[in-house]
Every structure is written in structure tokens, then in C-alpha cells.
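# Breakdown of the fold
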Amino acid sequence: MLKMQIFCALLVVFREHLGNTLLVLLLMFTLIGMSKRKRPETSSLAQSLVDAERVILKLIKSRENVGLWKGDIKSETRLPENVVTKALTSLQSKRLIKGVLSFQFKNRKHFIAAEFEPSKEVTGGSWYVDGNLDKHFISSLKELCFKIIQKHRVITGEGVHDFIKRVKATTVECTSQQISEILKSMVLDNQIIEVKSTGLAEYHSIPLGKVCYRCAPVGAVAQDTGAGAMASIPCGVCPRIRQCTPDGKISPSSCIYFKKWLDFDF
Amino acid sequence: MVSQHGIKLAVHLISSYFGDVVSKVCECLLRRGTLTLAQIVRFTELRKQNVINSLLVLGQHNCVQAFAIQQEGGFGEAPKIITQYIVLFDNIIHHMRFPKFVTIVSEELGKECEELFEGLLQHGRLSVNQLVDRHKQMSNQSVGLCTTLDALQGSFNRLVNARYVERCPAHEPFLAPPGDDETPAKKRGAKSAKRKQDSLELNGDAWATNKNKEVLWRVNFEEFVRRLRHKECIRNVRARLDNGAGVVLSAILEATRSEETKMKMENSVPLSMNTIFEEVMKSEEGRSMTLEHVRAILDQLGCDIPVVAIDETYSIDLKNIIGMAQNQEVESIVLKKYGREAYRMFRLLSKAGRLVETDQISNTTFVEKKDAVKILYQLWNDDYLQMENVITHGARQSQFLLWKVNNSTLWVQVLDDMFHAALNLKLRIAYEQEQEKEIMQIPREKLVGELEKRYKRFRKRRIVLESSLMKLDDALMLFHDF
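Residues numbered from 1 in each chain as written. Chains lettered and ligands numbered in written order. Predicted model: local features only at pLDDT ≥ 70, side-chain atom pairs only at ≥ 80, totals over all residues. Heavy atoms only, no water.

Going by the annotation in an unreviewed UniProt entry, the name recorded for chain B is DNA-directed RNA polymerase III subunit RPC3, with Escallonia herrerae given as the source organism. In UniProt, chain B has this text filed under Subcellular location (unreviewed entry): "Nucleus". What UniProt records for chain B under Function (unreviewed entry) is the sentence "DNA-dependent RNA polymerase catalyzes the transcription of DNA into RNA using the four ribonucleoside triphosphates as substrates. Specific core component of RNA polymerase III which synthesizes small RNAs, such as 5S rRNA and tRNAs." (UniProt positions renumbered as here; feature names shortened; annotations may be inferred.)

An unreviewed UniProt entry annotates chain A as DNA-directed RNA polymerase III subunit RPC6 of Escallonia herrerae. The UniProt entry for chain A carries this comment under Function (unreviewed entry): "DNA-dependent RNA polymerase catalyzes the transcription of DNA into RNA using the four ribonucleoside triphosphates as substrates. Specific peripheric component of RNA polymerase III which synthesizes small RNAs, such as 5S rRNA and tRNAs." One UniProt comment on chain A, placed under Subcellular location (unreviewed entry), says "Nucleus".

Here's what the structure looks like:
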């Protein structure tokens, strides 16, 4: 619009100085030039892309911190694949959206509006990096928590968190929620046990009834060898136990696992 | 309902002890339930005399109990008394753990009691005179074994007082038909009829006697199961908490053993704090414990300790301890068979006791979701877990998989697997003995070089197999008897 106004103003000026004939010639050459020059904002493809970006951006924003992956965008907008791809690339380059790897579906990237932080549903939470569980970080934290509990004999979850913060034991700041999750997982691993404070003896500094943690006793089932009776014999963990019969093809006398288990050298 | 491999193990034990004919009769009763003599003859296709002899042997060894019932006659016929036979599965399986019972008697009551006790194990049921005769025979063969009659009677009385032996019930008690005015509590099956005098009617004879009309005695298996149950509870608490907890629980159970009204007590007999403390003081380890320490331990064991205790009594939840021991056994199988991640997930579900969704399991146990699904499917496929598929219909259809540990069905399967494993161990022991029977016939001093190596290898294998069987039997009792 502004260009049109300037053009009209120039026409008036030229008419005053060049006369009508020259003005007509100027006008003709100008029109020929305009028809050859590309005007992206007015071509249909360019227009459709801009429209697509607008539609997609609006859709992505509506999903806030969860966003959508490309497949969902295609099905909801019913736009062709190439249009969606180009629009997403453009929006990303304009930093209006960002791509986040989904922890649930490794080959999917969720697109989230730039102003939102991706939700745990997409990233997997603080334990995931680029869609993968940060196993090294988790095992390091577990080792650290175990040493703290070993040192204190019995300690609460908050106590572990405070100790880590105080001594700056980690390079990355861990929340008390994260420490709580780590401790729960260690209880499931039977590395530590969850008890309630009695307020007496070694619990004297912990309020009565408060949940705290101590190391599991030596000999608790935490070794890969297993301490149980069934786990100590081949039959107890045999994948073929259902097919095993006294006189069958798989039997106690012919069993290769028994043979290996009883293979002693003198 | 006895599991399939439980039956196979029982049949194998009877066959080892008494031969194939007796085991055939036993198997018939195990598979078909309570039967008459005629029915057993028909089903086993054995000669009648063989069946009768087998039943006598099984009865002598307390593996079968005969009982008489009244059967309604046909049209116009008077009711008649018939004899039926019921197999005592538990008593058959106890044969596998006789060495444990002997150890208990030896440790608690000494060598003389052990020798008398072994006689009852060997012969099933004997009168006191028969026990004395047996002792005389053995002392003729073995120098230094001779004991006076009074001493023998004393040893026998100690066994009776400790409840390790009991009188045998009548050979064939009569079970009166339930009357209209009888409550269900008064109706008794053959198994429980054998103990209580008031339910028995047979010419006034309450107890089994031999041909000399002497009362017969037998091992009281229930008392041994109770002792072993107590031992398991103490062992578990000691391992899970500490030695002090073991000392306190041991004191409580020792003090209340004779007051327990049934074998599978859910809670220990209630005791006051002072009584508990006095009992704890009796043991060497307990002497250094303070009252406060004992109170703290009782709290750890799950007792509610009031701030001000007036006439309070305390009781330990034994059922809970047994439950924890059972969980530990199954969890160790999962750990060894499926790995650490499966172990974590199984423990999560076991503790939850309800359906849990896959994502929640994956998040809580720090297992990648795709790995979690694979492992959960594997556990479900092997019947360790139950699975439910929930589909929600909303703006978008979503599918959720939920998982759960069902203890009641899983425990049945685990028990059957244990019976299977026990049978396999016994068969393997027999196989190893068969393989090396020639070596066993050679005098020890002639076993040199390669023969000596073979002998040592066989000995080690037997030790490993037999000790594994005893350890497995502890687990069997945990799931079947405790």
C-alpha cells in the first residue's frame, strides 16, 4: 500500500516535469517491470505457506506445554506433508516453536510453542535427556544417597537432600522431590529400607513416626545371585520347568543346567 | 486341593520308603480323594490283599487314616457302617524333613530322647514297651547305649511334655452323622477327629492300641511345624531388622508356645511388657538389653506402644512376618530369572497391591518405557502378573495397560514349582547314586587316583543336592505349612 502511494506521488511529480508523452512511456516501462518482478507476498504458494504457518502455530499454541508431533499436526490440519514440513521448519527458524524429543516415542519430535516449557508427559521429566533416561545421573545419585545413609545410619529424605545441598555434592541442583524419587527406587532395589522413627536410640534426633531410611541388612536380597531357596537351584529359575518331567526329553537326569551346576573339578 | 507336583513328590517319597505297590495305592487316594477298600481295589487293579497290606503300611506310618461312617441303605435297607480311607498328604511330605525333626529333638532334649524319637520316625507308631524293646536291641548291638528303664521312661516323658510325641487316635474312628441340632463347629472331618476324644466312638476305645492292648504313640508333626514356623519368623526378623529383634521375638514365642491354640497363629499370644522383659532377660543375649530397647524393638515389630501403658499386652503379627518372608522368596526368583529391573517393578506392584499403569511403573522404577513394557509382558506371560487393558473413549481413544501381582494365584503356582523342584532334586540324587553305585561298593582305602576323584566329586554333588533340598524344604514349608 505504501509503495502504491509513493508511486502515485512520483507520477504527479514526473507529469509536472516530463510532460504526458514521457509520462506514458515511463508508466509503460514501469508496468512491464512490475509484471516481471517476483512478489512473494502475493504468490499463491507463498500465501498458502504463511496461512499454513499461522494455522499450525495456532494449533501448537493451543496444546500449550504438551505440543504435538508432526503426524498429529497433519491429521488435525489436513494439510499436505510438504506444506507442514516447510511450515514447521519456517516456524522453528523464526524461533516461534521448538522441537522436543518425546521420551515415550523415540522417533517423534513434539513441537511446542516457544513460550512454553515442555511438560513431563513429553520430556519424561527431569530424569530424561533428549528423550533418553539419564541412567548415569540416576546411578550416581543412588550411589551418593547410599553413602549418605551409610554414614548417618538412619536419616530422613529431607536430611539426605539437605546434606547434598550443604556439601554441594552434585554439579546439578537436585530438588527434594528428585531425591525422594531416588530413595523410593532404592527401597524397591532393597538397597535401603524405609522405617518409621521410634524417637529412641539411633532415632532420637528424628521426630516420632517420621519416615526415614537405613541401609538394608547384609544378606538382604540385593545381589544378582539371589538369596532365596528356589533362586539357588537350577529348577527354580529354569525357563523349561513346565516341560520338565521325570522321564521326558527334559528331565532331572538329562538336564544340562543340573550338569553345569554340579560340574566340580578335583 | 493338592497340586500336581505335590502329588508326584508324595508318590515318589512313598515309593522310596515302601515300594511301588504301596505308592500305587497312595497315588490312587491322592488323585481320587477318600475311598473305600473296594474302590481302591477297582481303581488300582491290584489284588485285594496287596491293597489291604498297603493300607496297613500307610496307616502304620500315619500316611493314611481310616474312619467309619454311616451310609444310608437302599430302599428298604437299614443304614450300614462303611470304612473309608483318607490320605494325609502333609504327613507324607514330612518324611522328607525327618532329619530336621531329629535335630530339634537332639538340640532341645538330648541324645536319649533323640534315639527314642528316631524309633518312632522309623516305625511310625510304637508303644512304650516296643520302644524299650527296640532300645534293648540296639544297645546289644552298640556298646555304651544301654540306659536304665527309668531313664528311658524319663526321656519318653520329656518327649511327651514337649508335645513332640502324641498318642495315636483310634485305628478306625466312627464319625457320627451330623444331627439337625448340631452346629457346623461340631462337625469334624476325619483329620481333626483323630485328636479329640469326644468325637470318637468305637467301643469306648479312644486311642490306637497294638495287639497287646498297649497305647500306641507317634510323632506329633504339628508341634514340629509350629517350632519351625517360629524359627522362620525369628530368622526373618533377625535378618530384616537386627539381632535384638530376633532375641525379643524368640523370647515371646518360647514363653507362649504351649498356649498357642492352633499351629498357624496369626498373632503371638499377648503378653505384658513386664513378662516380655522377664523372658528376654532369661537369654544370654537379652541380659544386656534395657526395657527401653525392648520397647523400641516391639515398636519396630509393629506393636502399638502407648505413651502411658496400663495393663497393656503386646502381640506380634506373625502372619505379616510370614507374608514378608514369602514375598522375599518370590522376589528373589524374579531377580534371578528376569533381572534387576524386573525385580524393582515386581516389588513395586507387590507393595502396591493394586493395578498400576505402565507409565507410572516405568517412572517410579527408572526403567525406559519400552523396556518396561517388554519385561512386564514377560512376567505376565509366565503368570507372575495379571494384566488389564483399559481403553478410554474421549476426544481421542487411548489405551492403558494396567498390571498387578495376584498373590493368591501366584503363591499356588510357586508352591507347585517348589514341589516340582524338590522332586527333581530327589530324582537327581537317585540318578547320581545310580551312576556311582560301583564306586560306593569299593572300600574307602582302595579309592585312589581317578577313583578317588570320582568319589570326591560324587560326595560333593550329593552334599550340594541334599543341602539344597533342605533349604528348598524350608521354602516349601513357608508356602504350604506356615
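Having seen it, we continue.
## Details of the UniProt feature "domain: RNA polymerase III subunit RPC82-related helix-turn-helix" (unreviewed entry) in chain B
When the UniProt feature table is mapped onto this chain numbering, "domain: RNA polymerase III subunit RPC82-related helix-turn-helix" (unreviewed entry) sits at residues 8–67 of chain B. The span residues 8–67 of chain B carries 75% helix and 10% strand; its end-to-end C-alpha distance comes to 25 Å. (Helix = DSSP H or I, 4+ residues; strand = E, 2+ residues; numbered from the N terminus.)

## Observations concerning the interface of chain B and chain A
In this complex, chain B contributes 54 residues to the contact, which on the side of chain A involves 55 residues. Summed over both sides, the interface of chain B with chain A buries roughly 4,800 Å², with 60% coming from carbon and sulfur. A per-residue breakdown of the area chain B buries against chain A is headed by Phe366, Glu368 and Arg428 of chain B, which together make up 16% of the total. The tally of links between chain B and chain A comes to 3 salt bridges. Among the ionic pairs, Arg242 of chain A bridges to Asp417 of chain B, the shortest N-O distance being 2.8 Å. Across the contact surface, chain B and chain A share 16 residue pairs in polar contact (both at pLDDT 80 or more). Breaking the side of chain B that touches chain A down by element, the ones donating at least two residues are helix 11 (221–240), helix 14 (291–300), helix 15 (318–338), helix 16 (340–352), helix 17 (358–365), helix 18 (369–381), helix 19 (407–435) and helix 21 (450–480) of chain B. A per-class count over the side of chain B that touches chain A returns 18 nonpolar, 11 polar and 25 charged. (Contact = heavy atoms within 4.5 Å. Buried area = accessible area lost by both parts, 1.4 Å probe. Salt bridge = Lys/Arg side-chain N within 4 Å of Asp/Glu carboxyl O. Polar contact = N/O pair within 3.5 Å; in protein donor to acceptor, adjacent residues only side chain to side chain. Nonpolar A, V, L, I, M, F, W, Y, C, P; charged D, E, K, R; others polar.)

## Some remarks on the packing of aromatic side chains
Scanning all chains against the criterion turns up 17 aromatic pairs over all chains. Relative to Phe137 of chain A, the ring of Trp127 of chain A has its centre 5.7 Å away and its plane inclined at 35°; by these criteria the two rings are tilted. Taken together, the residues Trp127 of chain A in the loop between helix 5 (120–123) and strand 4 (128–129) and Phe137 of chain A in helix 6 (residues 135–152) connect sequence positions 10 residues apart. Residue classification places Trp127 of chain A among the buried positions, given a relative accessible area of 4%. With relative accessibility at 17%, the residue Phe137 of chain A sits in the buried group. Ring centres 5.9 Å apart and planes at 45° place the aromatic pair Phe101 of chain B and Phe221 of chain B in the tilted group. A residue pair is termed long-range when its members are at least 10 positions apart, and Phe101 of chain B in helix 6 (residues 98–109) and Phe221 of chain B in helix 11 qualify at 120 residues. Exposure class is identical for Phe101 of chain B and Phe221 of chain B. Each is buried. One cation-aromatic arrangement involves Arg108 of chain A over Trp69 of chain A; the distance from NZ or CZ to the ring centre is 4.0 Å. Cation over ring: Arg32 of chain B sits above Phe43 of chain B, and NZ or CZ is 3.8 Å from the ring centre. (Phe/Tyr/Trp six-rings, centres within 6.5 Å; stacked < 30°, edge-to-face > 60°. Buried < 20%, exposed > 50% of the residue type's maximum accessible area, 1.4 Å probe, protein only. Lys NZ or Arg CZ within 6 Å of the ring centre and 35° of its normal.)

## With respect to the packing of helix 16 of chain B against helix 17 of chain B
All names here are of chain B. Running from N to C, helix 16 and helix 17 cross one another at 120°; their axes reach a closest spacing of 10 Å. The two elements helix 16 and helix 17 meet at a crossing, and its hand is right-handed. Residues Arg344, Met345, Leu348 and Leu349 of helix 16 touch helix 17, and the partners they reach there are Ile361, Thr364 and Thr365. Within the contact of helix 16 with helix 17, the residues separate by chemical class into 4 nonpolar, 2 polar and 1 charged. (Axes fitted to C-alpha atoms, helices over the stretch in contact; angles between N-to-C directions. Left-handed = near helix turned anticlockwise from the far one by under 90°.)

## Focus on the confidence of the model for chain A
All names here are of chain A. On average, chain A scores 81 in pLDDT, and the residues at 70 or more come to 78%. Helix 8 (residues 176–188) holds the highest mean pLDDT among the elements of chain A, 93, whereas helix 1 (residues 2–36) holds the lowest, 59. Here residues 221–226 is a poorly scored stretch, pLDDT under 50, and it has 19 contacts once near neighbours within four places are set aside; other chains count. (pLDDT = per-residue confidence, 0-100.)

## Topic: the domain arrangement of chain B
All names here are of chain B. Here chain B is partitioned into domain 1 (223–316), domain 2 (321–405) and domain 3 (416–480). Each of domain 1 and domain 2 has a C-alpha centre, and these two points are 35 Å apart. Facing the 8 residues of domain 1 at the interface are 5 residues of domain 2. Between domain 1 and domain 2 lies a buried interface of about 540 Å² when both sides are counted; carbon and sulfur atoms form 72% of it. The largest share of the area that domain 1 buries against domain 2 comes from Cys233, Asn236 and Arg240, three residues that together contribute 64% of it. For the pair domain 1 and domain 2, the number of links is 0 salt bridges. Along the contact surface separating domain 1 from domain 2 lie 1 residue pair in polar contact (both at pLDDT 80 or more). Per-element tally for the side of domain 1 that touches domain 2: the top contributor is helix 11, with 6 residues. Taken together, the residues of the side of domain 1 that touches domain 2 break down into 4 nonpolar, 1 polar and 3 charged. (Domains from an automatic or database assignment.)

## Some remarks on helix 14 of chain B
The complete set of buried residues in helix 14 of chain B reads Val294, Arg295, Ala296, Ile297 and Leu298 of chain B. The elements touched by buried residues of helix 14 of chain B are helix 12 (243–256), helix 13 (273–282) and strand 9 (313–314) of chain B.

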